[in-house]
Amino acid sequence: MRKNAKFLLGGAAGFVVLVACTLAVTLAVSLPGREVSTDVEEPKTSDEILTELRSLMRREDVAIDAYIITSVDAHQSEYISTGDQRIHYVSGFSGSAGTVVITADEALLWTDSRYHIQAEDQLYESWTLKKAGNVGVETYQDWLTHNLATGSVVGIDPKLIDSSSYLALSMYLSAAGYTLKSVDKNLVDLVWTDKEPPHYEEIIALPYEFSGRRISEKLADVRREMTVLGVQSHIVTALDDIAWLLNLRGLDIPYNPVFFAYVILTSDKVRLYVLEPSRITPNIREHFQEEGVEDEIEVFDYDLTKAGLADIVANTNGQILMYKTSQDIYETVPAARRVERTSPIVLLKVVKNQIEANGMRQANIRDGAAVIQYLCWLSRNIDTEVVTELSGARKLAEFRAKQEYFRGLSFEAISAVGSNAAMAHYSPTEETAAVIDKSKIYLLDSGGQYFDGTTDTTRTVHFGVPSDFEKEAFTRVLKGFISMGSAKFPNRAPFSFFDAMARRALWDVGLNYGHGTGHGIGAYLNVHEYPPLISSGNGEPGMIENMFTSNEPGFYKEGEFGIRIEDVVQAIPAPELKGNFDNVGALQFYHITMVPIQTSLIKTDLLTPQEIDWLNEYHERVLTNTDPVLESLGDDDAREWLREQTKPIVHDHCSV
């Protein structure tokens, strides 16, 4: 029931809009961590789901003409738990960003170019795809104002939209004669009666040997910045901010070592509102004691967060710092008490301390060895075994699991061959997994979580004879990759500069890619961490020493192949330059990913001597760093393969 959706152009970002009809459904709301029915029932069809949603929207106590569902959770997380995947439930689309509009006779999804092909395949029959980012697209806001009658009421769950987005949407709709209304009970949850009950893993302490800074030190840093901002309290809602601040990790969201919680930070207390408070075990209490904060941390149930914030409002007089809070949390604090600024935690977290930085390097060396083992194994077995995209990804996970400090994968592997690789965020399933064969390009984007760091690596390989165009496209992607990776730049250079560097060689011949060039990466935290975010138009706060970001240009030809090369890079001081950027400081990138780049896919006549030198030097470092790991694992076959893959390219007919 997922094929034959209508495909239209559309625009914008991360919401589902549902427009209205009637009927009463008296089901309890399923909140994260709360008990839901475990009775087995027949899954509802898409049409049944839409009918029930439209009926709820006409109900007297709801009374809305449109309903918006965002693709985030109550903490504005990019990647969400299974129980928060409401867009997937109603539409069939499983991508991480989407916008859907449903009227009495239409159901529409917006998503960006990373997911256009995937959405075409996944959407249920009654849905229409609007491809955000294409020329002439209509934003979801415009669609609402062009298709709903003037005076219509648009509803949204205030827990699932951040306050600034809520205000912007409310003002936009109001100017056009519409009203935005908060609907406290999530309508999808009322319909989603067969949702599986959640299961929460234990919360663990991250020792100082990996965190590099004790909780007491972090709290002192944050409170110092709070004083500068003139605030007395700070409500912290981002899950990775909380995990970093308290040197704790969980697994409430797949692949993301975080746990559901809020923190209210005052001058002398840390109020921790955690889902399933029993997970704050004696071991965690001992951790707090060792980190010098046992008298500061007070633990409460997750559901008491708003009551706790109301208590702060009632019993203190100072300003309260709010950063990317949900509208639901935002409304709890009077306007006169709010200070809306970037949380000091953000920059403290993304600029890694020395122990974190060293850990990131070591984790990427071990992880690189695992990827090398897999690519060697695949090259040796592709002719004798049936290896699918899915079985290949599982084999890679086996190699990773043997590495020291391994904690799991950092995201679901993008293991894609041929036309599947043209979908930038494709992940194989039992139903879709194609056989990896020698006649097609194979793209592998994967990563691991380790106590000492997080990894994210993409390599594109071909085990047969690639076409001339495939080689040219690969080489132009590589040129952009080297351009950014070899750059020297001033401290706090805007992120958009690096995006242009990475695209130049593709732009020279009219080629491009639809995703960003880089994203920040956590230290045993989320594989996507912002800032940095390397994309066009993105500047602040600029690249800073010991920020870690990905460098991942690509090219995708729909229906044929996809190419991406990705390393994690660290911003480090550059050797002194002649001008030295007027003494603001010079930086460069150090590639910490340690996996060879397939030289047989390169058209060497498109590379400059400097680019060849860069690649040869990089491969020498890959060999030097990963060979000892492979030796310790006793994998002589992978060591032999690595030596072959890192042989220097000879300067012969470089013409560019």
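Here the structure is a predicted model, which means the values were calculated and not measured.

Q: Teacher, can you tell me more about the overall build of the chain here?
A: In terms of helices and strands, the chain carries 19 helices and 30 strands. Within the chain, buried positions represent 59% of all 656 residues. Contacts in the chain between residues far apart in sequence, at least 24 positions, make up 74% of those at least 6 positions apart. A total of about 26,100 Å² of accessible surface is found on the chain, and carbon and sulfur atoms cover 50% of it. Side-chain charges in the chain split into 59 positive and 93 negative, and the spacing between the mean points of these groups amounts to 3 Å.

Q: Even after reading the chapter, I still don't get the sheet that holds strand S19 (residues 442-446), so can you show me in this structure?
A: Hydrogen bonding along the main chain pairs the strands of a sheet, whether they run parallel or antiparallel. Spatial strand order, S18-S19-S22: 3 strands in an open sheet with antiparallel pairing. Only two strands of the sheet have a single partner each, and these edge strands are strand S18 (414-417) and strand S22 (457-461). Recorded for the sheet is a direction-independent mean angle of 5° between the axes of neighbouring strands. As paired strands, S19 and S22 are joined by 5 bridges and run antiparallel to one another. Within the sheet, the bridge partner assigned to Asp445 lies in S22 and is Thr458.

Q: Got a minute to help me understand the pairing of strand S29 (residues 567-573) in this structure?
A: Burial of S29 is extensive: 6 of the 7 residues sit out of reach of the surface. Direction of pairing for strand S26 (residues 548-551) relative to S29: antiparallel, over a ladder of 4 bridges. Among the inter-strand pairings, Asn551 is bridged to a residue of S29, identified as Asp567. Where S29 meets strand S30 (residues 586-591), 5 bridges bridge the pair, whose relative direction is antiparallel. Paired with Val569 across the bridge in S30 is His591.

Q: Got a minute to help me understand the packing of aromatic side chains in this structure?
A: Aromatic ring pairs are defined here through the distance separating the ring centres and the angle between the ring planes. The tally for this structure, following the rule as stated, stands at 20 aromatic pairs. Residues Tyr374 and Trp377 carry aromatic rings whose centres are separated by 6.1 Å and whose planes lie at 25° to one another, so their mutual orientation is stacked. In this pair, Tyr374 and Trp377 both sit in helix H14 (residues 354-381), 3 residues apart, roughly one turn of the helix. Exposure remark for Tyr374: the relative accessible area of 0% places this residue in the buried category. Taking the relative accessible area as the measure of exposure, Trp377 reaches 18% and is therefore buried. Aromatic side chains Phe489 and Phe589 sit 4.9 Å apart centroid to centroid with 45° between the ring planes, which places their arrangement in the tilted category. Of this pair, Phe489 sits in strand S23 (residues 488-490) while Phe589 sits in strand S30, and the two are 100 residues apart along the sequence. Residue Phe489 shares its accessibility class with Phe589, and that shared class is buried.

Q: Would you mind showing me how to read the sheet that holds strand S10 (residues 233-236) here?
A: Within the open sheet, the 6 strands sit side by side as S14-S13-S12-S10-S15-S16. Their pairing is mixed. Two strands lie at the open edges of the sheet, namely strand S14 (297-301) and strand S16 (338-340), each paired on one side alone. Sheet twist, expressed as the average angle between the axes of neighbouring strands with direction ignored, equals 25°. Where strand S13 (residues 270-274) lies against S14, 5 bridges are found, and the strand directions are parallel. By the bridge assignment for S14, Val270 is matched with Ile297.

Q: For this particular structure, what's the right way to read the pattern of salt bridges?
A: Once the charged atoms of two side chains with opposite charge are near each other, the side chains can pair. Counted under the stated rule, the structure contains 37 salt bridges. Glu298 is the salt-bridge partner of Lys269, the closest N and O atoms lying 4.0 Å from each other. On the criterion of sequence distance, the pair formed by Lys269 in the loop between strand S12 (261-265) and S13 and Glu298 in strand S14 is long-range, its members being 29 residues apart. Relative accessible area serves as the criterion here: at 27%, Lys269 is assigned to the partly exposed category. Glu298 sits in the partly exposed class, given a relative accessible area of 27%. Overlapping salt bridges bring together Asp84, Arg86, Asp189 and Lys195 as one network.

Q: Mind showing me how you'd approach the environment of Asn420 here?
A: Structurally, Asn420 is set in the loop between S18 and S19. Between the alpha carbons of Asn420 and Thr99 there is a distance of 23 Å; along the sequence they are 321 residues apart. Setting aside its immediate chain neighbours within four residues, Asn420 contacts Glu389, Tyr426, Thr432 and Ala434. Separated by 3.2 Å, the side chains of Asn420 and Tyr426 make a polar contact.

Q: I tried to follow unusual backbone geometry on my own but got confused; where do I start?
A: The omega torsion of the bond from Tyr530 to Pro531 falls at -15°, within 30 degrees of zero and hence cis. Summarising the element assignment, Pro531 is placed in strand S25 (residues 529-534). The linkage connecting Pro531 with the following residue, Pro532, adopts the cis geometry, with an omega of -5°. Looking at the secondary structure, you find Pro532 in strand S25.

Q: When you look at the nonpolar core in this model, what are you seeing that I'm missing?
A: In globular proteins that are soluble, nonpolar side chains generally tend to be buried together. Residues Tyr374, Leu378, Tyr442, Leu478 and Ile597 are the most contacted members of the largest nonpolar core, which totals 60 residues. Take this core: its biggest share by element is 10 residues, from H14. Setting aside anything within four residues of it in sequence, one finds Tyr374 in contact with Gly392, Ala393, Lys395, Leu396, Phe399, Ile436, Tyr442 and Leu444. Counting residues in each nonpolar core, the second largest holds 49 residues, with Phe260, Val274, Ile297 and Tyr330 among its members.

Q: Got a minute to help me understand the environment of Leu511 in this structure?
A: Structurally, Leu511 is set in the loop between helix H17 (495-507) and strand S24 (518-520). Between the alpha carbons of Leu511 and Ala473 there is a distance of 8.5 Å; along the sequence they are 38 residues apart. Here Leu511 is in contact with Phe469, Leu506 and Phe555, once residues within four sequence places are set aside.

Q: I'm lost on the pairing of S13 in this one. Help?
A: Consecutive side chains of a regular strand alternate in pointing toward one face of the sheet and then the other. Within S13, 5 of the 5 residues are buried, which leaves the element mostly enclosed by the surrounding structure. Here S13 shows a buried face lined by Val270, Leu272 and Val274 and a second buried face lined by Arg271 and Tyr273. By the bridge criterion, 5 bridges tie S12 to S13 in an arrangement that is antiparallel. Its bridge partner lying in S13, Ile264 is registered against Arg271. Adjacent in sequence and paired antiparallel, S12 and S13 are bridged by 4 residues. In the classification by handedness, the crossover that spans S13, the intervening helix H10 (residues 282-290) and the parallel S14 is right-handed.

Q: It is not clear to me how H14 should be interpreted in this structure. Could you clarify?
A: Given 3.6 residues per helical turn, the α-helix brings residues three or four places apart onto the same face. Over its 28 residues, H14 runs 41 Å from end to end, which matches the ideal 40 Å to within 8%, given 1.5 Å per residue. Taken across its 28 residues, H14 has 21 buried, putting it largely inside the fold. Put simply, Asn353 is the residue that caps the front of H14, since its side-chain oxygen is 3.1 Å from the backbone nitrogen of Ile355.

Conventions adopted
- Residues numbered from 1 in each chain as written.
- Predicted model: local features only at pLDDT ≥ 70, side-chain atom pairs only at ≥ 80, totals over all residues.
- Heavy atoms only, no water.
- Helix = DSSP H or I, 4+ residues; strand = E, 2+ residues; numbered from the N terminus.
- Buried < 20%, exposed > 50% of the residue type's maximum accessible area, 1.4 Å probe, protein only.
- Contact = heavy atoms within 4.5 Å.
- Areas by Shrake-Rupley, 256 points an atom, 1.4 Å probe, with all protein chains shown as cover.
- Lys, Arg positive; Asp, Glu negative; His and termini not counted.
- Charge placed at Lys NZ, Arg CZ, Asp CG, Glu CD.
- Pairing = 2+ DSSP bridges.
- Axes fitted to C-alpha atoms, helices over the stretch in contact; angles between N-to-C directions.
- Phe/Tyr/Trp six-rings, centres within 6.5 Å; stacked < 30°, edge-to-face > 60°.
- Salt bridge = Lys/Arg side-chain N within 4 Å of Asp/Glu carboxyl O.
- Polar contact = N/O pair within 3.5 Å; in protein donor to acceptor, adjacent residues only side chain to side chain.
- Core = buried A, V, L, I, M, F, W, Y, C linked by side-chain atoms within 4.5 Å.
- Right-handed = clockwise from strand over helix to strand, strands pointing away.
- Expected span 1.5 Å × (residues − 1).

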